[in-house]
Number of protein chains: 2
Amino acid sequence: MNSYKKYFPILSWGAQYNRNTLVNDLVVACIVTVMLIPQSLAYALLAGLPPEVGLYASMAPLILYAIFGTSRALAVGPVAVGSLMTAAAVSKFAEQGTPEYLGAAIALAMVSGLLLILMGFLRLGFLANFLSHPIMSGFITASAIQIAASQLAPILGISAHGETFVSLVVSLFENVAQVNPYTAAIGLASLVFLFWVRNGLKPLLLHIGLGERPADILTKVGPIAAIVITTIVVWSLELSASGVRIVGTVPQGLPSIAMPPIGFSLWLSILVPALLLSVVGYVESISVAFTLAAKKRQHIDPDQELIALGASNVGSAMSGGLPVTGGFSRSIVNFDAGAETPAAGAFTAVGIAIVALFLTPLLYFLPNATLAATIIVAVMTLVDLKALKHTWAYSRADGAAMTVTILLTLMAGVEAGLIAGVGLSIFLHLYRTSKPHVAIVGQLPGTEHFRNKERHAVVIDPTVLSLRVDASFYFPNARFLENVVNDAVSNNEKTQNVILVCSSVNTIDASALESLIAINQRLKDGGISLHLSEVKGPIMDALHDTELLVELTGQVHLSQFHALNCLSPELTQQTLADRD
Amino acid sequence: MNSYKKYFPILSWGAQYNRNTLVNDLVVACIVTVMLIPQSLAYALLAGLPPEVGLYASMAPLILYAIFGTSRALAVGPVAVGSLMTAAAVSKFAEQGTPEYLGAAIALAMVSGLLLILMGFLRLGFLANFLSHPIMSGFITASAIQIAASQLAPILGISAHGETFVSLVVSLFENVAQVNPYTAAIGLASLVFLFWVRNGLKPLLLHIGLGERPADILTKVGPIAAIVITTIVVWSLELSASGVRIVGTVPQGLPSIAMPPIGFSLWLSILVPALLLSVVGYVESISVAFTLAAKKRQHIDPDQELIALGASNVGSAMSGGLPVTGGFSRSIVNFDAGAETPAAGAFTAVGIAIVALFLTPLLYFLPNATLAATIIVAVMTLVDLKALKHTWAYSRADGAAMTVTILLTLMAGVEAGLIAGVGLSIFLHLYRTSKPHVAIVGQLPGTEHFRNKERHAVVIDPTVLSLRVDASFYFPNARFLENVVNDAVSNNEKTQNVILVCSSVNTIDASALESLIAINQRLKDGGISLHLSEVKGPIMDALHDTELLVELTGQVHLSQFHALNCLSPELTQQTLADRD
């Protein structure tokens, strides 16, 4: 019963649902719906898709997340980086504007959703860890820069194309002469207005006495004002006749439920982009979920979140939408407006459905330039070059990985940048793991403590070599361990006993066990005894019947002090007494 | 000067070379030469190559290893598993017996050698760690079984072919009716004789008063007796006319020095097999080198060994030989015979050269069946099914990885088995790394010590949650850490303070730092303070100016006792006093 409920979090919160929560969630849904309309349209256009695809992606996914999600406030839907990745993946298979392009985008959502569900059931969420923070941060920054650059074309009313940031900028410069003055006026005015809404409106609202939360929410839904005003301007001045590009006819009605195009070769060829999209979306989403849950001490289940996001994407695909994930800004609005349960999301879906059914004619004269301006303002908050500086200052390896990710994303595209970043992270991880810190330790005078001889003035018996390896013993460092002991012994001719201090050792795997057996045998051949000290309980249990303990030439000592007190009692007692 | 010498170990031992060492090394070279002749021929045939290719691979590589190698006793040359991998890789590109087949094998040695040298200069030896012990052990066992099966055909005088063990066995059964009785008699007699030499000869020799070492050496060179006797039998009874297959004409003379066939597409397509061959060969070789060095407390440099093995393979390729590596049994013979310097290897090369120049006509009537018998006897010692049992008993994850490697190697081929094994190892590693052991700790009554509450009867203040994570904080577990804290806090409503006990934390990377900052912020939003205790010196240095310490809601405590003594002084002092 419990495990059944685990997969349907709705059963937990649904049971306590009441009229107060309902009213509250309905109010939240209205606010979020208003905010989502321009976002949905804009991100569909960013992905190279018809605008209604964005609306479709903001219905079924929200309802499915409400059923399967464990976050109370996460709002799913199309997001900027996801749309950029969709465009990058799909444009390899089809020409923008063709039915094949739309079909591929929907198939991408489907495959991505299925992958997420699979990862959830197999509890593979840990794979997302390997998209480390510097890589994710660098990738988001580079994507945001590329998205902003791509939106300069619709803002200026020119056409520019490019797979990468570099080719895009070249194309922009080549076509800059075609600027449409009306489009540029609308686009730049929207841009200035939206930047002011984001930076200047809130202080103003606070100044005139509005509370913190309503001020925040008004700031977030501000873009709707730009939409309404520019739409009216274009309609009243008939600017579309002067070359201002408008959204045009958005089909009225709800999407039909249908299986996305299924083709083995298509699905196979979008597997890698779908995996990248899934992981990036998941990392973004889970981080938002944790942040919001913490404020109310709510629980988030990372594996169930995979299933919920997967179901949302499958739902999006089956209702003709593009890939979705939990978005940061819409979730914040949802939370700040006071969403108490995921039902707020389901009601938002109803709100979007009402728009799709009745209000799309109002969007006819909406200029693309305004939507482009909302995208630029939204993504500029994602650019975080300060993080690059901090990361370099903290760790050169992490800084290098982040720089590589940013540069490759800008120069070679989102997939290349991401794959290189993750590859570099794993490579650096394996490298660091394989060479743990090793210290030769000696006794601190006047104590029973043993410390690194490089950092402290310690006393060492030249016939006893005490090595402390600050890592678990397992296959990535098993041979390193053999090497360390071989080195240390070949450099110390007086050595008669080697002690491995195991205070940092949490596990010993089969490889390390074989290495320890080999080390014991080799030391024995060289006339040296091997001892272990500070071995933790669970490891002693595991080692109990193994060849290592049977063949061990020395002993296992509870503490390093005990070991030295056995092997070199005089010096040890003298050092202990030597308080200065 | 020192770094120059690092790449030429010959400069170190060469300077101390004298007449005694020379005489000693010459004697060793004679013994090893006698042992190498049948091995070289047999492993060339196993790789599907003409017999002289094995002799060529036993000259230049030995001289190059003497110059670049750091082991005093390692003997390089063609080995059983390497020959199997060569046959598996090359037979994809060309038909056995064609010049293209020979060319591809030589190119394989070349690419493998260049890869090894590259890995040596880039210090990438740690990559070999990921061929963990259970994988390597399982792979060797499966390869040995497949090699032994493949040699049943020449022993019985039938022809059988198969890429994998399974298809090979099927082919053997299909062709078993074609058995040649003369071949089978020679083959089975050789097999019985060689097994007796290996198991029964040494006790006999010891019994009649021979010393341990000469008995060992006689046992190892025993196969030469089988070779001589069966050659004489085949020659005198003219059995080759009755269908007994013989080695035939082996070209007399030294190999010519030439560049191996260079073709970008060929080299590219053998890159993966070459990499696998390099890593397997290196792991086998370095392990032998360590074992022998330990007996005399000699030093082995793993990176320089990569360069030495790489040079040996390049040398083999340029003199028409197949891929080589440091072999276990020949190195043991070399060591037991008393090799003092790598010069013994160089003299062995001269011995093989003399054979190639003058003695190949003597090999004309040598039956293939005898060589097959020497291979079977040699590889049966590599089959270690007990290791499988031990590994399963010690660790189910390692046992599973080993089983998968064995089964896939037998059923899908050496490359598939090896890649699956390594992939599984890395996957299991990433999985385990991402979920470290976490304990909620409390104070042991009567002490200042804190222990896992699951294992000890400890005292815990319900408002203070002390978490000890037994791992460094870095990106594979950074989000797990966020999850652990979120879980723990959402399950403990009374919590006002969270302490992360950092006694096992050796590093905190940029990802983990971001996670800790996020954890601090989220706990703050939930009205909880975050503290750190037992932070090591180098980590405090690194954290010094970071946002984490600036924004930390709680404090950094030197010890966990100090932390509790600040946050919950009464209970802590009372527990300390509570000695029972």
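In the block above lies the structure referred to throughout.
Note that the coordinates shown come from a computational prediction; the quantities given were computed from them, not determined experimentally.

A. Molecular detail of the interface of chain A and chain B. In this complex, chain A contributes 71 residues to the contact, which on the side of chain B involves 71 residues. Both faces combined, the contact of chain A with chain B buries some 5900 Å², and carbon together with sulfur accounts for 57% of it. Our enumeration of links across chain A and chain B arrives at zero salt bridges. On the surface where chain A and chain B come into contact, there are 18 residue pairs in polar contact (both at pLDDT 80 or more). Mapped onto the side of chain A that touches chain B, the elements with two or more residues apiece are helix 8 (133-156), helix 14 (271-295), helix 19 (385-394), helix 21 (414-434), helix 22 (475-491), helix 23 (510-525) and helix 24 (537-543) of chain A. Among the residues making up the side of chain A that touches chain B, the classes are represented as 31 nonpolar, 23 polar and 17 charged.

B. Region of the structure containing the sheet that holds strand 6 (residues 497-501) of chain B. All names here are of chain B. Taken together, the six strands give an open sheet; going across it, the order is 4-3-5-6-7-8, and neighbouring strands pair in mixed fashion. Only two strands of the sheet have a single neighbouring strand rather than two, namely strand 4 (450-452) and strand 8 (556-557). Note that strand 3 (residues 438-443) and strand 5 (residues 464-469) share three bridges and pair antiparallel. Following the sheet pairing, I440 is matched in strand 5 by L467. Across the face of the sheet, helix 23 (residues 510-525) comes into contact with strand 6 and strand 7 (529-533) while running at roughly 140° to strand 7.

C. Just the relation of the copies chain A and chain B, in detail. Superposing chain A onto chain B takes a rotation of 180° combined with a translation of 0.0 Å along the rotation axis, leaving an RMSD of 0.1 Å. Here the two chains are linked by the operation of a two-fold rotation axis. For chain A, the smallest separation between a C-alpha atom and the rotation axis is recorded for S504(A), amounting to 3.1 Å.

D. Highlighting the sheet that holds strand 5 (residues 464-469) of chain A. Residue and element names in this part refer to chain A. One open sheet holds the six strands; their spatial order is 4-3-5-6-7-8, and the pairing between them is mixed. The sheet is open, and its two borders are formed by strand 4 (450-452) and strand 8 (556-557), each paired with just one other strand. Alignment of strand 5 against strand 6 (residues 497-501), held across five bridges, turns out to be parallel. Looking at the pairing, R468 lines up with V501 of strand 6. Helix 23 contacts strand 6 and strand 7 (529-533) of the sheet and is inclined by roughly 140° relative to strand 7.

E. Spotlight on the packing of helix 3 (residues 19-46) of chain A against helix 17 (residues 343-359) of chain A. Residues and elements named next belong to chain A. One way to put it is that helix 3 packs onto helix 17 with a least axis distance of 8 Å and a crossing angle of 50°. Regarding the angle of helix 3 to helix 17, the classification is oblique. When the axes of helix 3 and helix 17 are compared, the crossing they make is right-handed. Touching L22, D25, L26, V28, A29, V32, T33, L36 and I37 of helix 3 are A343, A344, F347, T348, G351, I352 and V355, all from helix 17.

F. How the structure looks around the pattern of salt bridges. Under the criterion given, the structure shown has ten salt bridges over all chains. In this structure, E482(A) and R522(A) form a salt bridge, with 2.7 Å as the shortest nitrogen-oxygen distance. Taken together, the positions of E482(A) in helix 22 and R522(A) in helix 23 put the pair 40 residues apart, joining distant regions of the chain. The exposure classification of E482(A) matches that of R522(A), with both residues buried. Among the ionic pairs, R123(B) bridges to D303(B), the shortest N-O distance being 2.5 Å. Taken as a pair, R123(B) in the loop between helix 7 (99-121) and helix 8 (133-156) and D303(B) in helix 15 (residues 302-318) lie far apart in primary sequence, 180 residues in all. R123(B) sits in the partly exposed class, given a relative accessible area of 37%.

G. Representation of helix 21 of chain A. Spanning 21 residues, helix 21 of chain A covers 30 Å between terminal C-alpha atoms, matching the ideal 30 Å at 1.5 Å per step. By the burial criterion, the buried members of helix 21 of chain A are V414(A), E415(A), G417(A), L418(A), G421(A), S425(A), H429(A), L430(A), T433(A) and S434(A).

H. Examining the side chain of N313(A) more closely. Residues and elements named next belong to chain A. The residue N313 is located in helix 15 (residues 302-318) in this model. Owing to a relative accessible area of 1%, N313 belongs among the buried residues under this scheme. In terms of polar contacts, N313 uses its side chain to reach the backbone amide nitrogen of V324, at 2.8 Å. Leaving out residues up to four positions away in the same chain, N313 has contacts with A109, M110, S112, G113, L116, P323 and V324.

I. Structural view of the environment of P50(A). All names here are of chain A. Examined against the element boundaries, P50 turns out to sit in the loop between helix 3 and helix 4 (51-56). For the pair P50 and V247, spaced 197 residues apart in sequence, the C-alpha separation works out to 8.8 Å. If we ignore the near neighbours within four places in the chain, the residues touching P50 are A44 and L102.

J. The arrangement of the environment of C30(A) in detail. Residues and elements named next belong to chain A. Following the sequence through the fold, C30 ends up in helix 3. Accessibility expressed as a relative area gives 52% for C30, which makes it exposed. Sequence-wise, C30 and A344 are 314 residues apart; in three dimensions their C-alpha atoms are separated by 9.1 Å.

K. Representation of the packing of helix 3 of chain A against helix 18 (residues 368-380) of chain A. Residues and elements named next belong to chain A. Where helix 3 meets helix 18, the closest approach of the two axes is 9 Å, and the angle between their N-to-C directions is 95°. Here helix 18 runs roughly perpendicular to helix 3, going by the angle between their axes. Between helix 3 and helix 18, the residues in contact are P38, L41, A42, Y43, L45 and L46 and N368, L371, T374, I375 and A378, respectively. Taken together, the residues of the contact of helix 3 with helix 18 break down into nine nonpolar, two polar and no charged.

L. Just the pairing of strand 6 of chain A, in detail. Residues and elements named next belong to chain A. Judged by how many residues are buried, strand 6 sits mostly within the fold: five of five residues are covered. Residue alternation in strand 6 divides its side chains into two sets, N497, I499 and V501 and V498 and L500, and both sets are buried. A crossover connection joins strand 5 to the parallel strand 6 through helix 22; in handedness this β-α-β unit is right-handed. Across five bridges, strand 6 lies against strand 7 in parallel orientation. Counterpart to L500 in the pairing with strand 7 is L532. Since strand 6 and strand 7 lie parallel, the crossover through helix 23 that links them has a hand, and here it is right-handed.

What counts and what doesn't
- Residues numbered from 1 in each chain as written.
- Chains lettered and ligands numbered in written order.
- Predicted model: local features only at pLDDT ≥ 70, side-chain atom pairs only at ≥ 80, totals over all residues.
- Heavy atoms only, no water.
- Contact = heavy atoms within 4.5 Å.
- Buried area = accessible area lost by both parts, 1.4 Å probe.
- Salt bridge = Lys/Arg side-chain N within 4 Å of Asp/Glu carboxyl O.
- Polar contact = N/O pair within 3.5 Å; in protein donor to acceptor, adjacent residues only side chain to side chain.
- Helix = DSSP H or I, 4+ residues; strand = E, 2+ residues; numbered from the N terminus.
- Nonpolar A, V, L, I, M, F, W, Y, C, P; charged D, E, K, R; others polar.
- Pairing = 2+ DSSP bridges.
- Axes fitted to C-alpha atoms, helices over the stretch in contact; angles between N-to-C directions.
- Least-squares fit on C-alpha atoms with pLDDT ≥ 70 in both.
- Parallel < 35°, antiparallel > 145°, perpendicular 65-115°, else oblique.
- Left-handed = near helix turned anticlockwise from the far one by under 90°.
- Buried < 20%, exposed > 50% of the residue type's maximum accessible area, 1.4 Å probe, protein only.
- Expected span 1.5 Å × (residues − 1).
- Right-handed = clockwise from strand over helix to strand, strands pointing away.

From the geometry alone we can't say anything about function, so treat these as descriptive.
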